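# Descriptive analysis of the structure
Single-letter residue listing:
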Amino acid sequence: MTEKKPRLIPTGTCWCGCEKEVGLGKFFAPGHDKAAEAALIAVNWNRSIPEFLHAHGYGPQHSVSRAAVDAGVWEECDECSSKPGYRGAPASVAKHKSQHRTTKQ
């Protein structure tokens, strides 16, 4: 049984801690989600992405991007000649495919 997670509700203030007002339904001011992510990694994993990945069981032998595809939250490009293909969020893969098709013509 999976643990029920609380429903997060935007407050009108940026969640990175900058105290900027944000629009309805938004958690962050533009780009501040990445700032919050970087701060979290800095505080908990000594600014090290490898330490962050390792703490969560990922690394060269256990791909975090493969895990995202397997979980159904990311996709893998089926048009790439190299394997594995480009991996990312559905919109990112769609953009990658459209750019790849444009450069091939």
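What comes next is a walk through the structure. All of these numbers come straight from a predicted model, not from anything done at the bench. (Residues numbered from 1 in each chain as written. Predicted model: local features only at pLDDT ≥ 70, side-chain atom pairs only at ≥ 80, totals over all residues. Heavy atoms only, no water.)

## Looking at the overall build of the protein
We count it as follows: Counting from the N terminus, the helices are DSSP H or I runs at least four residues long and the strands are E runs at least two residues long. Atoms counted for the radius of gyration: C-alpha only. Globule rule: 2.2 Å times residue count to the power 0.38. For each residue, the accessible area found with a 1.4 Å probe, counting protein chains only, is set against the maximum for its type, and the residue is called buried under 20%, exposed over 50%, and partly exposed in between. Should any heavy atoms of two residues lie within 4.5 Å, those residues are considered in contact. What sets the accessible areas is the Shrake-Rupley method with a 1.4 Å probe; for residues, cover comes only from the shown protein chains. Charge convention: Lys and Arg are scored as positive, Asp and Glu as negative, and His as well as the terminal groups of each chain are ignored. Each charge is placed at NZ for Lys, CZ for Arg, CG for Asp and CD for Glu.
For the protein, the helix and strand inventory stands at 4 helices and 2 strands. Computed over its C-alpha atoms, the radius of gyration of the protein comes to 18 Å, more than 25% above the 13 Å expected for a compact globule of 105 residues. In terms of overall dimensions, the protein has C-alpha extents of about 45 × 35 × 35 Å along its principal axes. Looking at the protein residue by residue over its 105 residues, the buried ones come to 17%. Across the protein, every contact between residues at least 6 apart in sequence was considered, and the portion connecting residues at least 24 apart equals 1%. Summed over all atoms, the accessible surface of the protein reaches about 8,500 Å², with 56% contributed by carbon and sulfur. Here the protein contributes 14 positively and 11 negatively charged side chains, and the mean placements of these two sets differ by 4 Å.

## Side note on helix H1 (residues 32-45)
Put simply, the rule is: Multiplying one less than the number of residues by 1.5 Å gives the expected span of a helix.
Over its 14 residues, H1 runs 19 Å from end to end, which matches the ideal 20 Å to within 8%, given 1.5 Å per residue. Here H1 has its buried residues at His32, Ile41 and Trp45. Buried residues along H1 sit in contact with helix H2 (49-55). One or two steps after H1, the chain reaches Asn46, where phi turns positive at roughly 55 degrees.

## Quick word on unusual backbone geometry
Here Lys83 and Pro84 are connected by a cis peptide whose omega angle stands at 0 degrees. With respect to the helices, strands and loops of the structure, Pro84 is situated in the loop between strand E1 (75-76) and strand E2 (87-88). Not every positive phi belongs to a glycine, and Asn46 is a case in point at roughly 55 degrees. Overall, Asn46 belongs to the exposed group, its relative accessible area being 52%. Phi is positive for Arg47, which is not a glycine, with a value near 60 degrees. Mapped onto the secondary structure, Arg47 falls in the loop between H1 and H2. Given the relative accessible area of 65%, Arg47 is considered exposed.

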